[in-house]
Amino acid sequence: MHRRKGSAYHLLKLVEDSGEVGFWWLDLETGRIDGSVGLLRITGLMSDTELHALFADLIHPDDRAMQADILDILQRGHPVSRTFRIVRPDRSVRWVRLKGQVVLGPAARPIRAEGVLFDVTLPQEATLLAEENRLRYQNLTRALAAAEWTASPQGQRRPSASWQALTGQAGPDQQGDGWQAVLHPDYRATAAGAWQEALIREGTLDTDFRLRCADGLHRRYNCRVTPLRDGRGHVVEWLGILLLGLSGGAGLAAAAGQPLPDVTPALVRAARALLDWSAPTLAAAAGVSLSSVKRFEAEGMVRDATRRAIREALEGGGIRFHRDPSGEAGVLAAKGAAWRPPLAPAQRPVPEAPEALTSAG
């Protein structure tokens with residue numbers, strides 16, 4: 001049975017009835033532009049006589065400079081494909097995608113351009129919103145987290161640049177169970193078990209462990225991991241972050257409400273007393289001179305880098321600088337945190353649960 005094909009006109013009309021497509025034709029010799037009903041609908045123009053604005057005045061002022069070469073490209077015989085904003089006569093803004101090709105005449109000279117204009121406002125705005133949300137999440141994570149990473153639905157860790165910067169562990173070494181190599185030996189089994197349990201129940205993970213950082217010191221981190229799910233509830237990815245100096249549960253809530261105090265000479269002296277460290281021990285752990293430690297404890301006058309090194313050394317030994325709900329600053333020590341020379345950083349014992357809070361003004 002013979003079936004007649006529909007005319008090109010009816011097919012184009014069917015496409016245009018969607019309200020998101022319009023067609024245009026440009027005479028490259030006279031500059032005249034003709035357009036379809038769909039094109040007028042998208043641009044908000046009232047008649048063909050106004051269509052000259054399509055390549056000039058209709059384009060959003062912020063996009064105009066980037067699109068000023070469209071006509072020149074067509075006149076040189078090249079196709080175009082551009083996405084930009086237009087400002088309609090009613091002052092509403094729409095995103096459009098303009099695509100055009102050139103028809104050649106005698107001597108291969110461009111004589112006409114024809115193309116299509118798509119209204120892509122909804123998908124473009126959705127894309128921009130998704131990108132804004134991604135950047136917002138990324139910036140927030142970078143501001144709060146010492147490191148972040150992702151894993152496959154099956155829990156296979158992917159290389160993370162921030163993890164490498166924190167620990168010095170190269171990307172390939174992080175994959176599989178390799179990330180556990182930089183955990184303190186006393187925490188590896190617990191951390192691995194907690195991770196496997198989260199994978200099995202497809203739930204969140206919130207645990208603390210000590211991690212060997214790139215400078216060789218072990219520091220305590222709170223590890224948070226959560227699954228991302230698709231519309232059917234299936235896990236499509238795991239997201240993980242490390243938070244420095246925070247504990248899960250109530251400890252995190254308390255810390256969020258009370259910012260950590262600046263390290264003062266009094267706090268450093270109290271921390272040293274709790275660790276039973278001498279000034280030379282602190283100097284060796286911090287990698288600074290003994291005179292710098294003594295000057296800081298006496299006068300508080302040292303460079304920021306020295307102050308940072310002293311604080312990190314004490315935190316690596318199990319000290320947490322703390323501010324209680326009343327706002328009073330103090331230091332929190334952990335059991336077994338008394339380190340004595342000549343133990344190297346990698347040999348030092350690992351503190352466990354908090355034991356005492358000593359306030360220092």
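Residues numbered from 1 in each chain as written. Predicted model: local features only at pLDDT ≥ 70, side-chain atom pairs only at ≥ 80, totals over all residues. Heavy atoms only, no water.

Visitor: Just checking my understanding: could you explain helix 11 (residues 279-286) for this structure?
Guide: Because an α-helix completes one turn every 3.6 residues, residues spaced three or four positions apart along the sequence face the same direction. Helix 11 sits mainly inside the fold: six of its eight residues count as buried. Elements in contact with the buried residues of helix 11: helix 10 (265-275), helix 12 (290-299) and helix 13 (304-316). Positioned one or two residues after helix 11, Gly-287 has a phi angle of 75 degrees, which is positive. (Buried < 20%, exposed > 50% of the residue type's maximum accessible area, 1.4 Å probe, protein only. Helix = DSSP H or I, 4+ residues; strand = E, 2+ residues; numbered from the N terminus. Contact = heavy atoms within 4.5 Å.)

Visitor: Looking at this model, I keep getting lost on the environment of Thr-281. Mind explaining?
Guide: The residue Thr-281 is located in helix 11 in this model. In this structure Thr-281 comes out as buried when scored by relative accessible area, which is 8%. Separated by 32 residues in sequence, Thr-281 and Ala-313 have C-alpha atoms that sit 10.0 Å apart. For Thr-281, the side chain forms a polar contact with the side chain of Ser-278, separated by 2.9 Å. (Polar contact = N/O pair within 3.5 Å; in protein donor to acceptor, adjacent residues only side chain to side chain.)

Visitor: Where do I start with the pattern of salt bridges in this structure?
Guide: Once the charged atoms of two side chains with opposite charge are near each other, the side chains can pair. Considering all chains together, one arrives at 16 salt bridges under this definition. Note that Arg-109 is salt-bridged to Glu-29, the shortest N-O span being 2.9 Å. You can see Arg-109 sitting in the loop between strand 4 (93-104) and strand 5 (110-119) and its partner Glu-29 sitting in the loop between strand 1 (21-27) and strand 2 (33-35), a full 80 residues away along the chain. Residue Arg-88 pairs with Asp-90 through a salt bridge whose shortest N-O separation is 3.6 Å. (Salt bridge = Lys/Arg side-chain N within 4 Å of Asp/Glu carboxyl O.)

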